[in-house]
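# Residue-level structure breakdown
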Amino acid sequence: MLKIRTVESRTSCCLNGPPALHESPAPASWRIALPHTTAAVPIARALVRTALAEIESAADTDTAELLTAELVANAVEHTAGDAPIELVIELLPNGCQVEVHDSNPQPPGDLTAPAPNSEPDPWQEHGRGLLLIRTLSSSCGHRPTDSGKAVWFTLPAA
């Protein structure tokens, strides 16, 4: 089951005090539940392209598609069960952020701090996704959620 929900636009700003919410005229984020199957990968690619066009993001959509596909593929491969994977696409003042939520609380391998001598084997089919995310995004990371974790990346405006 595919659920798409455009989230009301709110941006928060925090300068030495509590966040101040400012209403924006257009939706600034999408939240989409994807099936826990490999079919979610091409769906996520199409959705991120559509969402970035709809929210008029100036971020590079080709890079956003590639990195989103990597995150969704990792969530499908490394998360047991059939709980949906959630894709969140948010417009930022200077680009966009994409998050993929899954039910596995374990942090991703070497997303933010690669292990020494952890270069991907050029003869292996797997092992380059997190390297791509680290290299092509302006920032990336993960955080725990109530139901598992969220892995994210940001892209600057092109």
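Residues numbered from 1 in each chain as written. Predicted model: local features only at pLDDT ≥ 70, side-chain atom pairs only at ≥ 80, totals over all residues. Heavy atoms only, no water.

### Overview of helix 3 (residues 129-136)
Taken together, the buried positions of helix 3 are Gly129, Leu130 and Ile133. Mapping the buried residues of helix 3 onto a view down its axis gives an arc of 100°, with all of them on the same face. Looking at the packing, one finds that the buried side of helix 3 touches helix 2 (61-78), strand 7 (139-145) and strand 8 (148-156). (Buried < 20%, exposed > 50% of the residue type's maximum accessible area, 1.4 Å probe, protein only. Helix = DSSP H or I, 4+ residues; strand = E, 2+ residues; numbered from the N terminus. Arc of directions from axis to C-beta. Contact = heavy atoms within 4.5 Å.)

### Here's the deal with the environment of Lys149
Take Lys149: it is sitting in strand 8. Separated by 74 residues in sequence, Lys149 and Ala75 have C-alpha atoms that sit 9.9 Å apart. Excluding anything up to four places from it in sequence, Lys149 contacts Val100, His101, Asp102, Asn104, Pro105, Gln106, Pro107, Pro108, Arg143 and Pro144. A distance of 3.0 Å separates a polar atom in the side chain of Lys149 from the backbone oxygen of Asn104. At 3.1 Å, the side chain of Lys149 forms a polar contact with the backbone oxygen of Gln106. (Polar contact = N/O pair within 3.5 Å; in protein donor to acceptor, adjacent residues only side chain to side chain.)

### Concerning the pattern of salt bridges
Taken as a whole, this structure holds six salt bridges when the rule is applied. One salt bridge connects Arg45 with Glu65, and the closest N-O pair in it is separated by 3.5 Å. Placement of Arg45 in helix 1 (residues 40-54) and of Glu65 in helix 2 is noted, with a sequence separation of 20 residues between them. Note that Arg49 is salt-bridged to Glu65, the shortest N-O span being 2.4 Å. Of this pair, Arg49 sits in helix 1 while Glu65 is found in helix 2, placing the two residues 16 residues apart along the sequence. On the accessibility criterion, Arg49 (35% relative accessible area) is partly exposed. According to the relative accessible area criterion, Glu65 is buried, its value standing at 10%. A cluster of three or more residues bridged by salt bridges with shared partners is formed by Arg45, Arg49, Asp62 and Glu65. (Salt bridge = Lys/Arg side-chain N within 4 Å of Asp/Glu carboxyl O.)

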